[in-house]
Each structure stands twice: as C-alpha cells, then as structure tokens.
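Secondary and tertiary structure notes
One-letter residues, chain by chain:
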Amino acid sequence: MQTSIVVFTCDLRLSDHPPLRAALHGGGRVVPLFVRDPAVDRAGFAAPNRLAFLADCLRDLDTGLRKRGGRLVLREGDTVTEVCRVAAETDADEVHMTGDTSAFACVRERRLRRALEADGRRLYVHDTVSTAVAPGAVAPVSSDHFAVFTPYYRRWSGQSLRDVLDTPRVITVPDEVASAPLPERGEVSGVSPKLCAGGETEGRRRFTAWLRSGVQTYETRHDDLAGDATSRLSPHLHFGTLSPVEVVRRAREAGGVGAEAFVRQVAWRDFNRQVLAARPDAAARDYRTHRDQWRDGKDAEADAEAWREGRTGYPVVDAAMRQLRQEGWMHNRGRLLTASFLTKTLYLDWRVGARYFLGLLVDGDVANNQLNWQWMAGTGTDTRPNRVLNPVIQAKRHDPDGAYVRRWVPELADIEGAVVHEPWKLPARELSGTGYPEPVVSLAEGLDRLKRARGRA
Ligand SMILES: Cc1cc2nc3c(=O)[nH]c(=O)nc-3n(C[C@H](O)[C@H](O)[C@H](O)COP(=O)(O)OP(=O)(O)OC[C@H]3O[C@@H](n4cnc5c(N)ncnc54)[C@H](O)[C@@H]3O)c2cc1C
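Worth saying up front: this structure is predicted, and the values here are computed from it rather than measured.

Let us now look at the site of the ligand. Looking at the ligand, there are 28 residues lining it, with T230, S231, N332, N369 and N372 nearest. Residue contributions to the shell around the ligand peak at 6 residues, all from helix α11 (residues 257–278). In terms of residue class, the shell around the ligand is built from 11 nonpolar, 12 polar and 5 charged. Viewed by domain, the shell around the ligand spans two of them, domain 2 (128–162 + 199–278) and domain 3 (298–453), each represented by three or more residues.

Structure, rendered in structure tokens:
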C-alpha cells in the first residue's frame, strides 16, 4: 500500500487542505507530520504567545485526525532529517507540504527536496493553502511583483479562486510510526494573560460567528478602537487553522460592502507575501530606503523602553501597547498609531518596533509584520512615505469617548470623556494623582526632528 507524508507547517487544519487531499488521492496510508524544529524557533518563531497558540492548534488537529481514524505524528529536530527519517520508517514515496515565502522556508524546501530525491522520493509543494492567490500569480508587466497595493488588488480581485476542498472522512496512519508527546499550552511560560484560544475548531467557530454578525458593519466600524469590531481572525490565518481561499469565498458569498472591505484586508496578506517572496531581504532591510540615520544611544533607548512599556504619555499609544502585552494582539488602528509614533515621532528604527511586536503578537508573521512596519516607517510600499499619524487627532477620531484608553490604562480609568486623550490639559492636582507620565516628547518637536532627518525641513 502506498504511503505519503503530509508535513504540516502554517496550515494546521483538515478542511480545505490541498496537500492532505493530494496525499489521500491514491487511497493509501498518510502520515500527518508536524516537526518542532529548533531552527524555526531560532528564526524568530518562538514567542510564548505563538507557542501557546500552536499547542492548542496541534491538539485540535490531533483530535480531528483521531475522529477520522488517524492521529498527528510529532517529531522534534531538523525538519529535513525528521521528514527523511519518517519517510524511511514508513517507506513513504511522496511528501506533500504547503509553499511558503520566507527566506527560511525557501531554504528548508530546497534542502528537503534534495534530500528526498537522493532517496528516490518526491516532494510536492502546494500553493493557495496559506494565501488565496499564490505569490507571483499576478505580476505587472515590468516587474516580478507589485510594489503598490491598489493595482495589485485590482488584479487579485479578478483571479478566480480554486474550489474549497472537503474535509477528508477517513485517514489511515501507519501503526508503526511513533510520535513525541504533543505540547500543552500550560507548559509555556510568559504567555499574555488574555491570549485567545487556538485550533481549527475555534477558528471555524469564530469565522462563522463573524459572518453571521460582524462582517456587515466592518466597513464603518473597523477603525473603532473601543468597539473592537474587526474579525480577530489574524492568528487563525497565520497558523492556517482557517483557509484564506475559504475565507474569501464565504465572505464574498455573504456579500455587501462590509464583506467587500473585509476581503480587501485579506488581500493585504497576499500582497505582503508576494512582496516578501520577491524581496526576501525586506524582512530585515529597507524596501525603499531614505538612508535614515535612526536615533540610537541612551536617550533613544529610554524612549524605546517608554514605548514598549506603554508609558509614552500619549494615552492612545500607551493603551495599544498595553493591549498588546495583555492579549498578545493589538487592534490594527493601534498598530498603525504605535508604529507611527515609534518611527516618525520618536524617529527610532522600525526594526526595534518590529522585533518587539514579533516577541508578543500571536499573529506575528514575518511578511505582515515587517512590511506593515516598513509601510508605516515610510521605507516600504506606502506611496506617502512621510505621513505621520497624530496620536491626539487619531485618538479623538477613533476613540471619541476615550473608552479604549480607559479600558487599557487603569491610571486614567476615572477620567471621563475625550479629555482623557490629553491628560496634560487636566488640572495639575488631578493629573499628579494618577501617576500617569508626561509626554516623552512634544508632537511638534518630533515632527521637526523627522523633517530635518528626511531633508524636508
Ligand atoms: C505595525 C503593524 C504590524 C502588523 N503586524 C502583523 C502581523 O504580524 N501579523 C498579521 O497578521 N498582521 C499584522 N498587521 C496587520 C493588521 O494589523 C492585522 O492583520 C489585524 O489587525 C488583525 O486583526 P483582525 O484579524 O481583526 O483583522 P481584520 O481587520 O478583521 O482583517 C481580516 C484579515 O485581513 C488581514 N489583514 C488585515 N489588515 C492587514 C494588513 N494591514 N496587512 C496584512 N494583512 C492584513 C489579516 O489576516 C486579518 O486577520 C500589522 C499591522 C501593522 C500596522
């Protein structure tokens, strides 16, 4: 009987899973394999919030496989060595996995292909598993990738998506293949106290609820910080507990301006992936440089630390940074504001912020994180690289009553109304009782510094 291996990576689901369907095609045995590879951790994956979410995902995947007569096989070590070892143990002739775009994933894929072929086995890499449209599937005439979102989105929208694949009913796993114990969420230390739950079951529950009540008002409410009216599907899309093809198809079926606006955001994921696939160096280097001489030294580090701790003296910035610590997730408007504040107002290197985010975000993702940071720093794909988001104006617009700030900054919880966004306007006695800090820099000073640095003064 033929045996195939499915190497799960960023696709931790059974529904709409092309590598799994392909492996089952011949009707033989399948080894659903996940490798805990220390090199993945060293490459930046190993943040406690993501490890805890991963533990949920692996347990749920194993439960789903057991319901179908199978089980998940977990191995620890170098991915290439472990896949080849399992292939030898089970005499598998095919290995299926999802295509990925990071430099790390590309090297891993090349090494795996070479090692398997040397043993007379074949590697099949599947696309449209972790993106709706594959990187490179649409490109402008004169380049290998789109550098601007709007024309990309036009072409992306015109692509016909493949059909959603059924979840397999039966999966037969060879008896002889051993597995290491699955990790437990509780074993991970340093996890954010309000971290959400992972796993395909939870992802599908959230998505169904979102389509039922949420997506319709997305267009008008997605920037409402206190309303928290976005889908919160990002960790599920990152870990692949939801299929982007299915998400886009079902949202389109739901229809309406809300669903359209939501699908447009999902397209940003694919956009960033096609940029990173073409320019893997953009994970660490400016995509479009302004030759910034970012601040460094003692004062710069003190400002960075105030930003990390949520003690900049700008309540909306601090609220968002504290949400990140508490939940391992931050509202998109908060991400934009805090990134603008770090890179434009404090004039600190986007990599400082990107690194800190990746240490905490449960959806922390090299393509989305680094390229959104670059977008806000003006070194990426934004066509207006010098835009600055004023945290007070933004706060009044997107948190008009101050409820978001009061939720996350307990020192200011008793200050009613929009004045909470400008605590320096409060009577000195009232403010000093709160223990809330003075602004680290005035907005005018920050703006002047940026203009001088970018030669626009
Ligand atoms: C500085 C910065 C860092 C970011 N880092 C990450 C990251 O590490 N991982 C991540 O998934 N997103 C990142 N984003 C994008 C965005 O903030 C999150 O995807 C979004 O807030 C997740 O919440 P949601 O699922 O409720 O999104 P929704 O608003 O419900 O959007 C639906 C989905 O579309 C995708 N999406 C939405 N906005 C963007 C965007 N700007 N770029 C790419 N995809 C998007 C996400 O997969 C999201 O789940 C970052 C944005 C900024 C400004």
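Within this numbering scheme, the UniProt entry marks Y218, T230, S231, R232, L233, S234, F262, D363, G364 and D365 as carrying the feature "binding site: FAD" (unreviewed entry). The largest pairwise C-alpha distance within this set of annotated residues, which runs over 148 residues, is 23.0 Å, so the set is dispersed in three dimensions. You can see S234 is positioned in helix α9 (residues 234–239). Looking at the element boundaries, F262 is found in helix α11. Residue class for F262 comes out buried when judged on the 27 C-beta atoms lying within 10 Å of it. Ignoring any residue separated from it by four or fewer positions in sequence, one finds F262 in contact with V215, Y218, S231 and A251.

Bringing the sheet that holds strand β4 (residues 94–98) into the picture now. One open sheet holds the 5 strands; their spatial order is β3-β2-β1-β4-β5, and the pairing between them is parallel. Looking at the sheet topology across the chains shown, the edges are occupied by β3 (73–76) and β5 (122–126). Between one strand axis and the next, the sheet turns by 30° as a mean value, whatever way the strands run. As paired strands, strand β1 (residues 3–8) and β4 are joined by 4 bridges and run parallel to one another. Within the sheet, the bridge partner assigned to V7 lies in β4 and is M97.

Calculation rules
- Residues numbered from 1 in each chain as written.
- Predicted model: local features only at pLDDT ≥ 70, side-chain atom pairs only at ≥ 80, totals over all residues.
- Near = placed C-beta within 6 Å.
- Helix = DSSP H or I, 4+ residues; strand = E, 2+ residues; numbered from the N terminus.
- Nonpolar A, V, L, I, M, F, W, Y, C, P; charged D, E, K, R; others polar.
- Domains from an automatic or database assignment.
- UniProt positions renumbered as here; feature names shortened; annotations may be inferred.
- Buried ≥ 20, exposed ≤ 12 C-beta atoms within 10 Å, placed from the backbone.
- Contact = placed C-beta atoms within 7 Å.
- Pairing = 2+ DSSP bridges.
- Axes fitted to C-alpha atoms, helices over the stretch in contact; angles between N-to-C directions.

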